[in-house]
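# A look at the structure
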Amino acid sequence: MAIARPLGSPNGHCTDQSYLQRPSKVYHYSLGHALNGARASSVCYAIKFQNSSTSVKFQENPSKKSVVKSGSSDNQALNSISSANQLIREYVDDGLFENAIRVYLRIIECGFPADQFRFFPCLIKAFGGLSDVDMVKQVHGHVLKLGVLDDIYVGNSLLSVYWKCIAVEDAVQMFDKMRERDSVSWNAMISGFCQSGYYMGSLSTFSRMVWEYGVYPNRVACLSALSACSSIESLVHGKEIHGFIVKSGLSVDEFIVSGLIDMYMKCGDIRTAEHVFKGILDKESSRGNAVIWNVMILGYVSNGCLLQALDFFLGMLEWGIIPDSSTLVPVLVLCSRLSDLEVGKQTHGFIVSFGMDNDVRVETALIDMCFKCGDPETGLKIFRRSQNRNLVMWGAVISNCAQSGCPAEALELFYTFISEPGFADSGILLAVLRACSSLTIKPRGMEIHGLAIKTGFNEDVFIGGALVDLYAKCKDMESAQKVFHRLPTRDIVSWNSLISGYGQNEHADEALNAFHDMQSERVAPNSVTAACILSVCAHLSVMILCKEAHCYLLRRGFESNVLVSNSLIAAYAKCGDIFSSRTVFDKMLEKNEVSWNSIILGLGMHGYTGEMFVLFKKMKEIGMKPDLATFTALLSACSHAGRVDMGWKYFKSMAEDHKLDPQLEHHTCMVDLLGRAGHLKQAYDLIVAMPWVPDDRIWGSLLASCKAHGSEKLAELVADHIFKLDPTCVGYRVLLSNIYEGFGKKNEVTRVRSEIKDMRLKKQPGCSWIEVDNRIHIFIAELKHDVLTFLSSEIHKWNRKSGVVFQIFCCQMMAMSSSNHYRNGS
């Protein structure tokens with residue numbers, strides 16, 4: 001057989017031989033630079049393969065003449081085909097795949113006989129290392145034309161490379177056309193299907209291997225099949241494979257044992273996983289295997305068995321097994337879920353003693369644990385002294401700051417992160433958008449919005465929902481609507497953000513319309529949606545809407561949800577039906593602090609102070625700790641009931657008995673309570689002495705009390721404080737004018753009203769409404785005269801019905817100035 005001679009080489013040997021020397025320093029060029037670019041490389045390889053396959057003819061005794069220059073100082077010169085083979089293998093082992101391919105192409109150019117080339121599997125691996133399926137197909141065709149594809153090692157190498165490139169169809173076709181298959185071939189298919197996400201394909205291939213072809217599966221096949229069962233949580237298939245493993249004697253293999261435990265844990269069969277684990281306790285070598293213990297601990301944590309996981313960790317230490325990062329990360333996760341800072345600190349001590357405090361996974365889990373357990377200061381300290389900050393750690397600390405009441409810190413960390421520079425992923429952008437929402441900082445939020453557009457995350461459904469929430473909380477519903485309607489897909493979170501935004505900005509009709517639109521798009525509401533809709537009903541104080549929403553929620557099966565029940569309690573109370581509120585509360589199987597706070601606030605709102613005090617006492621007896629919202633409800637009820645003694649008792653009890661510092665709203669309730677009771681000086685002294693900066697509401701409460709109790713001098717002093725805080729507050733100026741009018745000071749009345757006129761301030765007309773026969777009737781002051789005629793007709797209309805409250809209200813309206821107007825709406 002003759003050797004093909006490339007052009008420019010009449011003797012059959014390449015004139016440029018320096019490429020075959022292994023250089024002392026080899027650079028790994030990217031595919032974009034190799035052979036004048038990636039596409040040029042592909043074409044070059046293809047042409048050379050085609051030329052070699054058609055023109056190369058092999059001779060029986062090829063020349064052994066050296067094809068390299070001698071004299072290399074550090075590397076042995078190649079003087080045979082075996083040396084070229086060895087060089088290719090070294091390049092592949094070092095990850096220099098393009099260099100290995102170049103060597104082979106030059107071998108072809110120099111006319112070396114391909115039948116003596118014994119490293120086709122290694123060469124195929126080099127093509128696979130480039131992760132270019134087109135190049136893999138080229139080398140596939142090359143070895144096919146050379147007639148070496150029937151070699152089982154070559155076939156298996158091609159099969160593995162196709163799976164590495166996630167070329168599923170090519171891998172399946174390759175496997176089906178293989179004349180000979182061994183366990184490696186089957187393992188490649190089983191693991192390839194599993195790693196590519198085709199889990200049922202992995203299991204069906206395992207079944208074919210055993211039952212149709214009688215091939216004995218080894219450890220690799222069994223582990224891949226078990227992993228597939230874990231991924232789809234198929235306990236039935238997992239048990240079948242377990243039975244086969246026991247029959248085949250592989251159950252003693254430690255890797256198989258850990259795979260079985262992992263499969264049972266992920267399928268939720270904790271008892272069988274424990275049984276498998278107990279089976280290895282008698283074997284000292286297996287008992288000391290930390291991997292098996294780690295799988296058990298992780299499985300317990302994943303299934304919510306946190307205390308069992310903690311006991312298992314302590315048992316592991318008692319057996320003298322040294323934990324690793326895979327042990328300590330789940331333990332830190334269980335501390336986070338238990339919110340147990342003490343156990344977390346002890347685990348931190350273990351981490352330091354074992355010398356793993358510099359492991360990036362452990363550090364990230366430590367930071368998360370500190371934040372989740374209420375110790376953000378320690379979490380930030382660990383983060384700041386870490387030398388291993390990666391994207392995951394940055395995301396963990398920014399997200400936790402945003403969720404742990406440190407939104408300003410989250411924003412500061414974010415800007416530090418992108419200045420390093422760092423690439424913000426969707427998780428970090430989502431966290432920082434939530435921080436902007438908490439702080440209601442629209443300009444910063446718009447900056448993050450722009451960054452999301454630049455990085456291509458603006459169409460992400462989670463980012464979109466966060467943007468809608470941000471603009472809604474910043475009272476920019478127009479921007480919120482634009483973001484929402486531009487989303488390519490809208491999930492329940494996006495809809496909830498829009499509906500909640502409408503409700504927060506008092507757009508009740510839009511909120512209800514959005515709820516109907518959501519249903520028309522076949523997006524099922526959840527408990528958050530229900531809470532938002534009930535909040536809208538409560539704001540409107542429309543009983544019929546509240547009952548309609550309640551019936552809808554009953555049909556949807558939300559009656560046992562705590563969040564929904566709490567919203568129902570508040571909605572019924574605000575709609576005037578405290579008895580329905582109490583019924584919902586009494587039927588709740590599970591109650592939290594919000595449940596108790598809602599019913600206490602509702603009872604106080606309707607004047608049932610005695611029953612409210614009894615419920616508060618019962619709340620403490622069952623071990624439920626009152627919070628700031630509880631005392632706000634109690635003090636507000638005491639204020640309306642005139643219970644000064646009880647108000648002082650609860651106010652002092654906050655700090656003395658419950659270690660709660662009274663906030664501004666609690667001082668406002670106390671000032672209102674004291675002012676209503678006529679203790680004006682005491683109320684003023686409380687405002688001056690409180691540690692909070694007083695706002696216009698607390699001063700306004702005292703000003704109203706001054707009018708009720710006729711304190712002119714204090715009213716003037718309080719009004720000065722109000723006008724310094726907000727010079728444009730027309731309501732308080734009108735109130736001051738009325739105070740002067742009550743004292744007969746016409747000059748002062750004229751002065752205050754002139755100030756209102758000069759400042760061009762205008763008081764919004766008063767508005768009230770009443771629900772009659774499922775219709776809403778709205779009253780707006782200072783418009784027209786036709787109210788008298790309408791009210792007269794309404795009184796006769798409702799005379800025979802139980803609209804007593806409505807009749808009284810109509811009579812009161814008739815007695816008012818004839819300049820009032822009635823507007824009817826539904």
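If you're wondering where the values come from, they're calculated on a predicted model, not measured in any experiment.

Each helix and strand counted, the protein has 44 helices and three strands in total. Buried residues in the protein amount to 48% of all 826 residues. Sequence-distant contacts, at least 24 apart, represent 61% of the contacts inside the protein between residues at least 6 apart. Counting every atom, the protein has about 41,900 Å² of accessible surface; 52% of that belongs to carbon and sulfur.

What follows concerns helix α24 (residues 442-454). Since one α-helical turn is 3.6 residues long, residues separated by three or four positions face the same way. Taking 1.5 Å per residue as the helical rise, α24 with its 13 residues ought to reach 18 Å, and the 18 Å between its terminal C-alpha atoms agrees with that figure. All of the buried residues in α24 are G445, I448, H449 and A452. Looking straight down α24, one finds that the buried residues subtend no more than 105° of arc, so they occupy a single side. Among the exposed residues of α24, those oriented more than 90 degrees off its buried face are P443 and K454. The inward-facing, buried residues of α24 abut α22 (407-419), α23 (426-439), α25 (461-473) and α26 (477-486). Where α24 terminates, the next one or two residues include G456, which has phi positive at roughly 80°.

When the UniProt feature table is mapped to this numbering, "repeat: PPR" (unreviewed entry) covers residues 182-217, 289-323, 491-525, 592-626 and 627-657. Strand forms 0% of residues 491-525 and helix 74%; the C-alpha atoms that close the span are 10 Å apart. Secondary structure content for residues 627-657 is 87% helix and 0% strand, while the C-alpha to C-alpha distance between its ends is 12 Å.

Here the protein averages 80 in pLDDT, while 81% of its residues score no lower than 70. Low pLDDT, under 50, characterises residues 1-79; the stretch is placed with 131 contacts to residues that sit more than four places away or in other chains. Taken as a whole, residues 783-826 scores under 50 in pLDDT and shows 55 contacts with residues more than four places along the chain or in a different chain.

What the rule picks out here adds up to 24 aromatic pairs. With 5.0 Å between their ring centres and 75° between their planes, F175 and W186 make a pair best called edge-to-face. One end of the pair, F175, is in helix α7 (residues 168-177); the other, W186, is in helix α8 (residues 183-195), with eleven residues separating them in the sequence. Members of the aromatic cluster, connected to one another through ring pairs, are F277, W293, Y300 and F312.

On to the environment of R219. Relative to the helices and strands, R219 is located in helix α10 (residues 219-232). Sequence spacing of R219 and I256 is 37 residues, and the spatial spacing of their C-alpha atoms is 6.9 Å. Every residue in contact with R219, bar those within four places of it in the chain, is listed here: D253, F255 and I256. A polar contact is formed between the side chain of R219 and the side chain of D253, at a distance of 3.0 Å.

This next bit is on the side chain of S639. Relative to the assigned elements, S639 resides in helix α35 (residues 628-641). Looking at S639, its side chain comes within polar contact range of the main-chain nitrogen of L673, at 3.5 Å. In this structure the side chain of S639 is engaged in a polar contact, spanning 3.4 Å, whose partner is the side chain of R676. Once residues within four sequence positions are removed from consideration, S639 is found in contact with C669, D672, L673 and R676.

Right, let's get into the state of the cysteines. This model, assessed by the stated rule, comprises zero disulfides. In this structure C335 is a free cysteine whose sulfur lies 6.4 Å from that of C373, the closest cysteine sulfur available. Summary of cysteine pairing: C436 is not part of a disulfide, and the nearest cysteine sulfur, belonging to C474, is at 8.0 Å. Taking the relative accessible area as the measure of exposure, C436 reaches 0% and is therefore buried.

The next point concerns the pattern of salt bridges. Summed over the entire model, instances satisfying the criterion amount to 22 salt bridges. Two residues, R208 and E212, come together in a salt bridge whose shortest N-O distance is 3.9 Å. In this pair, R208 and E212 are both assigned in helix α9 (residues 199-212), four residues apart and thus about one turn of the helix distant. For R208, a relative accessible area of 27% corresponds to the partly exposed category. Bridged by salt links that share partners, the residues R733, E748, R751 and E755 form one connected network.

One can describe the packing of α23 onto α25 by two numbers: an axis separation of 9 Å at closest approach and a directional angle of 10°. Viewed along their axes, α23 and α25 adopt a mutual orientation that is roughly parallel. As α23 packs across α25, the resulting crossing turns out to be left-handed. Of α25, the residues touching α23 (which contributes S426, L429, L430, L433, C436 and S437) are F462, I463, A466, L467, D469, L470 and K473.

With respect to the helices and strands, the residue H667 is situated in helix α37 (residues 664-676). In sequence terms H667 and F651 are 16 residues apart; their C-alpha atoms lie 8.6 Å from each other. The residues touching H667, leaving out its near neighbours within four places in the chain, are F651, P662, L686, M690, P691, W692 and I698. A distance of 2.9 Å separates a polar side-chain atom of H667 from the backbone oxygen of Q663.

Cut-offs applied
Note that residues are indexed from 1 along each chain, following the sequence as it is written. It should be noted that, the model being predicted, local features are given only for residues of pLDDT at least 70 and side-chain atom pairs only at 80 or more, the latter also being counted only at that level, while totals for whole chains, interfaces and linings use all residues. Note: side-chain values were computed over all heavy atoms of the structure, leaving out hydrogens and water. Helix and strand definitions here come from DSSP, where helices need a minimum of 4 consecutive H or I residues and strands a minimum of 2 consecutive E residues; each element is numbered from the N-terminal end. For every residue, the accessible area obtained with a 1.4 Å probe (protein chains only) is divided by the maximum for its type, and the residue is called buried under 20%, exposed over 50%, and partly exposed between those limits. Contacts are assigned to residue pairs that have any heavy atoms within 4.5 Å of one another. Here the open area of atoms and residues is found with the Shrake-Rupley method and a 1.4 Å probe, where only the protein chains shown may cover a residue. One less than the residue count of a helix, multiplied by 1.5 Å, gives the span that helix is expected to have. Working note: the arc is built from the helix axis to C-beta atom directions. UniProt positions are given in the numbering used here, feature names are shortened, and annotations may be inferred rather than shown by experiment. As a per-residue measure, pLDDT reflects the predictor's confidence and takes values from 0 up to 100. Two rings from Phe, Tyr or Trp (for Trp, the six-membered ring) form a pair when their centres are within 6.5 Å of each other. A pair whose planes differ by under 30 degrees is stacked, one over 60 is edge-to-face, and the rest are tilted. N or O atoms within 3.5 Å of each other form a polar contact, as long as, within protein, one can give a hydrogen and the other can take it, and as long as residues adjacent in sequence are counted only when both atoms are side-chain atoms. Count a disulfide wherever a pair of cysteine sulfur atoms falls within 2.5 Å. Each salt bridge in this description consists of a side-chain nitrogen of Lys or Arg and a carboxyl oxygen of Asp or Glu lying within 4 Å of one another. Axis definition: a line fit to C-alpha positions, over the contact stretch in the case of helices; interaxial angles, taken between N-to-C directions, run 0 to 180 degrees. Between 65 and 115 degrees an angle is taken as roughly perpendicular, under 35 as roughly parallel, over 145 as roughly antiparallel, and anywhere else as oblique. With the far helix as reference, a near helix turned anticlockwise by less than a right angle produces a left-handed crossing, and one turned clockwise produces a right-handed crossing.

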